[in-house]
Amino acid sequence: MFENLSERLGGVFDRLTKAGALSADDVTAALREVRTALLEADVSLPVARDFIKRVQVKATGASVTKSVTPGQQVVKIVHDELIATLRGDEDPGKLKIDNPPAPVLMVGLQGSGKTTTTAKLARRLKEREGKRVLMASLDTNRPAAMEQLAILGTQIGVDTLPIVKGENAVQIAKRAKSQATMGGYDVYLLDTAGRLHIDEVLMDEVQAVRDAVNPRETLLVVDGLTGQDAVNVATEFEGKVGITGVVLTRMDGDGRGGAALSMRAVTGKPIRFVGMGEKTDALESFEAERVAGRILG
Ligand code: GDP
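Reading the values: the criteria
- Residues numbered from 1 in each chain as written.
- Predicted model: local features only at pLDDT ≥ 70, side-chain atom pairs only at ≥ 80, totals over all residues.
- Heavy atoms only, no water.
- Helix = DSSP H or I, 4+ residues; strand = E, 2+ residues; numbered from the N terminus.
- Contact = heavy atoms within 4.5 Å.
- Areas by Shrake-Rupley, 256 points an atom, 1.4 Å probe, with all protein chains shown as cover.
- Lys, Arg positive; Asp, Glu negative; His and termini not counted.
- Charge placed at Lys NZ, Arg CZ, Asp CG, Glu CD.
- Salt bridge = Lys/Arg side-chain N within 4 Å of Asp/Glu carboxyl O.
- Buried < 20%, exposed > 50% of the residue type's maximum accessible area, 1.4 Å probe, protein only.
- Core = buried A, V, L, I, M, F, W, Y, C linked by side-chain atoms within 4.5 Å.
- Near = heavy atom within 4 Å.
- Polar contact = N/O pair within 3.5 Å; in protein donor to acceptor, adjacent residues only side chain to side chain.
- UniProt positions renumbered as here; feature names shortened; annotations may be inferred.
- Axes fitted to C-alpha atoms, helices over the stretch in contact; angles between N-to-C directions.
- Parallel < 35°, antiparallel > 145°, perpendicular 65-115°, else oblique.
- Nonpolar A, V, L, I, M, F, W, Y, C, P; charged D, E, K, R; others polar.

Within the protein, the regular secondary structure consists of 11 helices and eight strands. Overall, the C-alpha framework of the protein stretches about 70 × 35 × 30 Å when taken along its three principal axes. At a minimum sequence separation of 6, the contacts of the protein that also span at least 24 residues come to 78%. When the accessible surface of the protein is totalled, it reaches about 13,500 Å², and 50% of it is carbon and sulfur. One finds the centroid of the 39 positive side-chain charges in the protein at a distance of 3 Å from the centroid of its 40 negative side-chain charges.

Take a look at the structure:
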């Protein structure tokens, strides 16, 4: 497994026996280790570089109290900066979905966990907030994806929009809107078509859906195990569609969660939830402290 960052820095600072102020050389040596730790945690290179620069400014000249070693002091500065970077909204798990029925658009690449996350979110809204939720799949290219959402809906006791063959994504979205309005739903979740790569046609389709329903939230679902890829996906979706938040899936896996830092640094958007497993109750509100600890190892 990965070497704990504190242990690594311990080695760097072995030669320093007395506490004092951190010198520029000490900091540079320590930050080399921090950079390696970030890259091992799957933080993308440009984000790691920027992060290191910020820490360098804060750490150089910082005083080291008697109770901690210089290494521990650097780890603390890095840890605090990680949390400051990761933290977004005060309550990331609380969506802005007043004024019913509130449309929520779920976007992302195929296989990221988008459909599962749609069901997880529906269940959470229903069980924790007592919301009446409607889900609709807009994936006209993949009937199996539509059926998957319907099956999940039955499992969690959340309604899904009946499937009507031959409709396009915008037509389905509009039908979801009118059913949500007439049926007295609080929120309707639109599971947009997954795609293997960023693809112009599907981006145009998401834009058209967005323009048709004017979503209160547009959540990008990305695989938390992918580093730089996740960042590229986020940049693309933010530029073309605009997102209000991110859901990182597969955070129950072995990954160190560096994608969280990359996503946050690049998009500036809050990470709202993390997926912690395949089951529909495995969705947690994002906690910066936990992810920071994990990135540092
Ligand atoms: P989509 O193509 O983006 O809609 O992806 P799916 O929702 O169909 O999910 C793809 C696979 O990832 C399924 O086997 C899910 O059970 C699994 N999955 C989704 N979210 C998570 C998660 O947070 N953790 C784990 N371990 N698996 C997940």
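A full pass over the atoms with the stated rule returns 16 salt bridges. In this structure, the salt-bridge partner of Lys114 is Asp191, at a minimum N-O distance of 2.8 Å. Taken together, the residues Lys114 in helix α5 (residues 114-129) and Asp191 in strand β4 (residues 187-191) connect sequence positions 77 residues apart. Neither residue differs from the other here; Lys114 and Asp191 are each classed as buried. Between Glu127 and Arg123 there is a salt bridge, with its nearest N and O atoms 3.1 Å apart. Of this pair, Glu127 and Arg123 both sit in helix α5, four residues apart, roughly one helical turn. Members of the salt-bridge network, linked through shared partners, are Arg54, Lys58 and Glu81.

Membership of the largest hydrophobic core comes to 65 residues, with the highest contact counts inside it found for Leu38, Leu86, Leu190, Leu220, Leu248, Leu261 and Ile295. For Leu190, the contacting residues outside a window of four places in its chain are Val104, Leu105, Met106, Ala136, Leu138, Ala173, Ala176, Val209 and Val213. By size, the runner-up hydrophobic cluster in this structure holds 22 residues, among which are Met106, Leu121, Val221 and Phe273.

Time to look at the site of the ligand. Neighbouring residues of the ligand: 18 residues in total, closest Gly111, Lys114, Thr116, Arg250 and Glu278. At 2.7 Å, a backbone N or O of Lys114 approaches an oxygen atom of the ligand. Its free accessible area being 580 Å², the ligand has 81% of it covered by the protein chains. The leading source of residues in the shell around the ligand is α5, at four residues.

The subject of this paragraph is unusual backbone geometry. Glycine aside, negative phi is the norm for most residues, and most peptide bonds take the trans geometry. Residues Pro100 and Pro101 are joined by a peptide bond in cis, for which omega reads -5°. The residue Pro101 is located in the loop between α4 (70-86) and β1 (102-108) in this model. Not every positive phi belongs to a glycine, and Asp42 is a case in point at roughly 80°. Mapped onto the secondary structure, Asp42 falls in the loop between α2 (24-40) and α3 (45-59). Although it is not a glycine, Arg250 adopts a positive phi angle of roughly 60°. With respect to the helices and strands, Arg250 occurs in the loop between β6 (245-249) and α10 (258-267).

In this section: the UniProt feature "domain: SRP54-type proteins GTP-binding" (unreviewed entry) in the protein. With numbering aligned to this structure, UniProt lists the feature "domain: SRP54-type proteins GTP-binding" (unreviewed entry) at residues 270-283. From the first C-alpha to the last, residues 270-283 spans 16 Å; its make-up is 0% helix and 43% strand.

What follows is about the environment of Phe286. Tracing the sequence through the fold places Phe286 in the loop between β8 (283-285) and α11 (288-296). Here Phe286 falls in the buried class, since its relative accessible area comes to 5%. In the structure, Phe286 is positioned 159 residues away from Glu127 in sequence and 18 Å away in space, judged by C-alpha atoms. Contacts of Phe286, omitting those with residues within four sequence positions, involve Leu86, Pro92, Ala260, Ile271, Arg272, Phe273, Val274 and Val291.

Attention shifts here to the packing of α4 against α10. At their nearest, the axes of α4 and α10 sit 9 Å apart, and the two run at 55° to each other. One element, α4, and the other, α10, form an angle in the oblique class. In this structure, α4 uses Leu82, Thr85 and Leu86 to contact α10, whose residues at the interface are Ala260, Leu261 and Arg264. Taken together, the residues of the contact of α4 with α10 sort by class into four nonpolar, one polar and one charged.

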